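Coordinate inspection notes
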Protein chains: 2
Amino acid sequence: MQTHFTIDCVILAFDEGQVKVLLAERNEYPYKDWWALPGYFVNKYEEMEDAVARILLEMTGLKDIYMDQLAAFAGVKRHPEGRILTVAYMALVQMDEVRNKIATGTNYMRQLKWFPVDELPDLAFDHKEILQLGLDRLKKSVSYSATPYELLPAKFTLTQLQQVYEALLNKKLDKRNFRKKINNLGYLKELNEFQKGVSYRAAKLYSFDKKKFMKMFSQD
Amino acid sequence: MQTHFTIDCVILAFDEGQVKVLLAERNEYPYKDWWALPGYFVNKYEEMEDAVARILLEMTGLKDIYMDQLAAFAGVKRHPEGRILTVAYMALVQMDEVRNKIATGTNYMRQLKWFPVDELPDLAFDHKEILQLGLDRLKKSVSYSATPYELLPAKFTLTQLQQVYEALLNKKLDKRNFRKKINNLGYLKELNEFQKGVSYRAAKLYSFDKKKFMKMFSQD
DNA sequence: TCAAAAGTGTTCGACATACACCCATGT
DNA sequence: ACATGGGTGTATGTCGAACACTTTTGA
């Protein structure tokens, strides 16, 4: 009637034109030496939101990241020692902001590493299933949402934005149609700045106007 | 590090032009005499899917109903005796099919009753929050989905279908536009049968062609 | 001058919206 | 005959899809 209770984190970022997930190499049985989603046990008197923040920090070094609940997984057989109920959370982060903050290792895991979601190693427990659920949900949340902007730096080019859409939706988009649509959204700010350090024509930078976005979608 | 673990069920149906939820009047402390979502504890070696089916049957008398996971709730303070993690599940049912199958009472609850979702009593624990999450998710799932048909009997009139959409979306729709759109969907079968027992022109009955629907939306 | 990516318009079909009247039936 | 809901068409605007060339820049 009682059960162990853990939280697992699906941390996704966009880098080199691909969606990547942060995985930990386990240093503990069971599944020692396997790759797994960062996660750990919840304490007895801990609120779930607090536990998510604590575990995220302890396991990855990241903090102040908004995590969305994905689902609960509770298969009796998912852990050799008996049922461990896990609640999976998901976050989208900007690679540039977190790249240098990622922890290097703890007692429980040897290292953390970003894997493109279409080049995954075998994962411990039912973590592949959990990740897949997260990716499916992500795909559904893309259109007319702030989702893509969570994966980009504050200033970005339209081509970068298009790449995020293409990676999330897993299909190519037409450049002209994409830009037309994006322009009509009304919550993109065109900056008077340009890309730097490229050996071709520098693209104009844009930013996401969160206030306008909120205003446009707050009534329902 | 261990916690109690329950399942709560959000059972929704459509009746008299309204979305209704099935609630149980508790006969146990805490929250004795309050209305609550039907739910109970999961057994130690029980798969979550099995537990959902068992609890649904024991608490409501219903079986063979597909339940979707909504979310996990685990506030330390949600239960006076300490943290009880609950996983909420949601199902849509057809009122005519279930009306006579609903249990009349158990040791744990005195009676079950359908409440229109906009005329709710106070609810035990955080059940209002759980229900609200279910309704929000339902609203999002309406367009181009099979959701509305799960709430209707096998044969229904277009006006009934429109009422379901209106109740779920919480706004009025234009009759002509609605019918045009519905006709273009391609997965509604027009039957050669008519409504009976009404004191005005009898409406034609339709049915939902699940096979066609599946075929149209299976590729992605 | 070349390579690489930035940037830009038009046409077409599909779909959402707005809107008002006659029809069939039971009492 | 009347009350009640059933059933129908047109015009307009918006949006997504298809499609190819010129411009800018650094090396």
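Quick notes on the rules
- Residues numbered from 1 in each chain as written.
- Chains lettered and ligands numbered in written order.
- Predicted model: local features only at pLDDT ≥ 70, side-chain atom pairs only at ≥ 80, totals over all residues.
- Heavy atoms only, no water.
- Helix = DSSP H or I, 4+ residues; strand = E, 2+ residues; numbered from the N terminus.
- Buried < 20%, exposed > 50% of the residue type's maximum accessible area, 1.4 Å probe, protein only.
- Polar contact = N/O pair within 3.5 Å; in protein donor to acceptor, adjacent residues only side chain to side chain.
- Domains from an automatic or database assignment.
- Contact = heavy atoms within 4.5 Å.
- Buried area = accessible area lost by both parts, 1.4 Å probe.
- Nonpolar A, V, L, I, M, F, W, Y, C, P; charged D, E, K, R; others polar.
- Salt bridge = Lys/Arg side-chain N within 4 Å of Asp/Glu carboxyl O.

A word on the side chain of D8 of chain B. Residues and elements named next belong to chain B. Within the element layout of this structure, D8 appears in strand β1 (residues 2-15). Looking at D8, the relative accessible area reads 5%, which means it is buried. Looking at D8, its side chain comes within polar contact range of the side chain of H127, at 3.3 Å.

Right, let's get into unusual backbone geometry. A cis amide bond links Y29 of chain A with the next residue in sequence, P30 of chain A, at an omega value of -10°. Positionally, P30 of chain A belongs in the loop between β2 (18-26) and β3 (35-36). Not every positive phi belongs to a glycine, and Y31 of chain B is a case in point at roughly 60°. With respect to the element layout, Y31 of chain B can be found in the loop between β2 (18-26) and β3 (35-36). With a phi close to 65°, N170 of chain B is a non-glycine residue in the positive phi region. For N170 of chain B, the location among the structural elements is in the loop between α5 (158-169) and α6 (175-185). For N170 of chain B, a relative accessible area of 67% translates into the label exposed.

A few words now on the domain arrangement of chain A. Residue and element names in this part refer to chain A. According to the domain assignment, chain A consists of domain 1 (4-140) and domain 2 (147-218). A separation of 28 Å is found between the C-alpha centroids of domain 1 and domain 2. Listed as interface residues are 11 residues of domain 1 and, on the opposing side, 13 residues of domain 2. Of all residues in domain 1, F14, L92 and Q94 give up the largest surface area on contact with domain 2, accounting jointly for 53% of the area buried on that side. Joining domain 1 to domain 2, the criterion identifies 1 residue pair in polar contact (both at pLDDT 80 or more). Among the elements of the structure, β1 (2-15), β6 (84-93) and α3 (127-140) are those that each provide at least two residues to the side of domain 1 that touches domain 2. Element by element, the count of residues in the side of domain 1 that touches domain 2 is highest for β1, at 3 residues. Grouping the amino acids of the side of domain 1 that touches domain 2 by side-chain chemistry returns 7 nonpolar, 2 polar and 2 charged.

This part covers the pattern of salt bridges. Here the structure, examined in full by the defined rule, presents 26 salt bridges over all chains. Between D96 of chain A and R99 of chain A there is a salt bridge, with the nearest N and O atoms lying 3.6 Å from each other. Note that E166 of chain B and K172 of chain B form a salt bridge whose closest N and O atoms lie 3.6 Å from each other. The class for E166 of chain B is buried, based on a relative accessible area of 13%.

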